[in-house]
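# Structure assessment
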Amino acid sequence: MANSNYVRHDTTNTADNPQPTSTTVTHFNGTEGWTQRQWKDFNGNYQARNSDNTTRTPGTYQARNSDNTTKTPSSYQRRDKDNNVVSA
């Protein structure tokens with residue numbers, strides 16, 4: 001597991017108590033032909049905050065134009081090395 005031995009330390013290099021909340025994530029179950037990978041996800045106690053430090057509910061992703069107006073994301077279009085459209 002890539003980050004299984006992670007320990008957060010304070011400014012005096014003393015281990016923090018409590019440590020950040022984490023869950024072990026397993027990618028691939030071993031039957032797909034890929035090597036099973038595990039890592040710790042440290043987003044367990046994440047709380048989104050406003051600029052005044054009050055809690056907020058994170059919004060969904062919204063694609064934007066260069067002038068910050070909202071746009072509808074286009075569907076994926078595969079392209080070659082010269083940026084020409086590749087059709088199936």
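Our subject is the structure listed above.
Note that this is a predicted model, so its numbers are computed, not measured.

### Quick look at the overall build of the protein
In terms of helices and strands, the protein carries 0 helices and 2 strands. A compact globule built from 88 residues would reach a C-alpha radius of gyration of about 12 Å, whereas the protein, at 21 Å, exceeds it by more than 25%. Referenced to the eigenvectors of the C-alpha coordinate spread, the extents of the protein come out at roughly 55 × 45 × 25 Å. When each of the 88 residues of the protein is scored for burial, the buried share is 3%.

### Re the packing of aromatic side chains
A ring pair, where both rings are aromatic, is described by two values, the distance of the centres and the angle of the planes. Inspection of every chain in the model, using the stated rule, returns 1 aromatic pair. Ring geometry for tyrosine 6 against phenylalanine 42: centres 5.2 Å apart, planes inclined by 70°, an arrangement best described as edge-to-face. Taken together, the positions of tyrosine 6 in the segment before β1 (23-27) and phenylalanine 42 in the segment after β2 (37-41) put the pair 36 residues apart, joining distant regions of the chain.

### Quick notes on unusual backbone geometry
For the bond running from asparagine 17 to proline 18, omega is 5°, close enough to zero to count as cis. Tracing the backbone shows proline 18 in the segment before β1. In this model, asparagine 68 sits at a positive phi of 75°, which is unusual for a non-glycine residue. Position of asparagine 68 relative to the elements: it lies in the segment after β2. A positive phi angle, near 70°, is found at asparagine 83, a position not held by glycine. Among the secondary structure elements, asparagine 83 is positioned in the segment after β2.

### Side note on the pattern of salt bridges
The full count for this structure, using the stated rule, is 1 salt bridge. Between lysine 81 and aspartate 82 there is a salt bridge, and its shortest N-O distance comes to 3.4 Å. Accessibility classification places lysine 81 together with aspartate 82 in one group, the exposed group.

Procedures and definitions
Within any chain, residue numbers begin from 1 and follow the written order of that chain's sequence. Residue-level local features of this predicted model are given only where pLDDT is at least 70; pairs of side-chain atoms are given and counted only at 80 or more, and the full residue set underlies all totals for whole chains, interfaces and linings. Heavy atoms throughout the structure, all of them, feed into the side-chain values; hydrogens and water do not. A run of H or I in DSSP becomes a helix once it reaches four residues, and a run of E becomes a strand once it reaches two; helices and strands are each numbered from the N terminus. For a compact globule the rule gives 2.2 Å times the number of residues to the power 0.38, and the radius of gyration it is set against comes from C-alpha atoms. The buried label goes to any residue with under 20% of its type's maximum accessible area, the exposed label to any with over 50%, and the partly exposed label to all in between, with areas taken from a 1.4 Å probe on protein chains only. Side-chain rings of Phe, Tyr and Trp (the six-membered ring for Trp) are treated as a pair once their centres are within 6.5 Å; stacked means planes under 30 degrees apart, edge-to-face means over 60, and tilted covers the remaining angles. The working definition used for a salt bridge is a side-chain nitrogen of Lys or Arg within 4 Å of a carboxyl oxygen of Asp or Glu.

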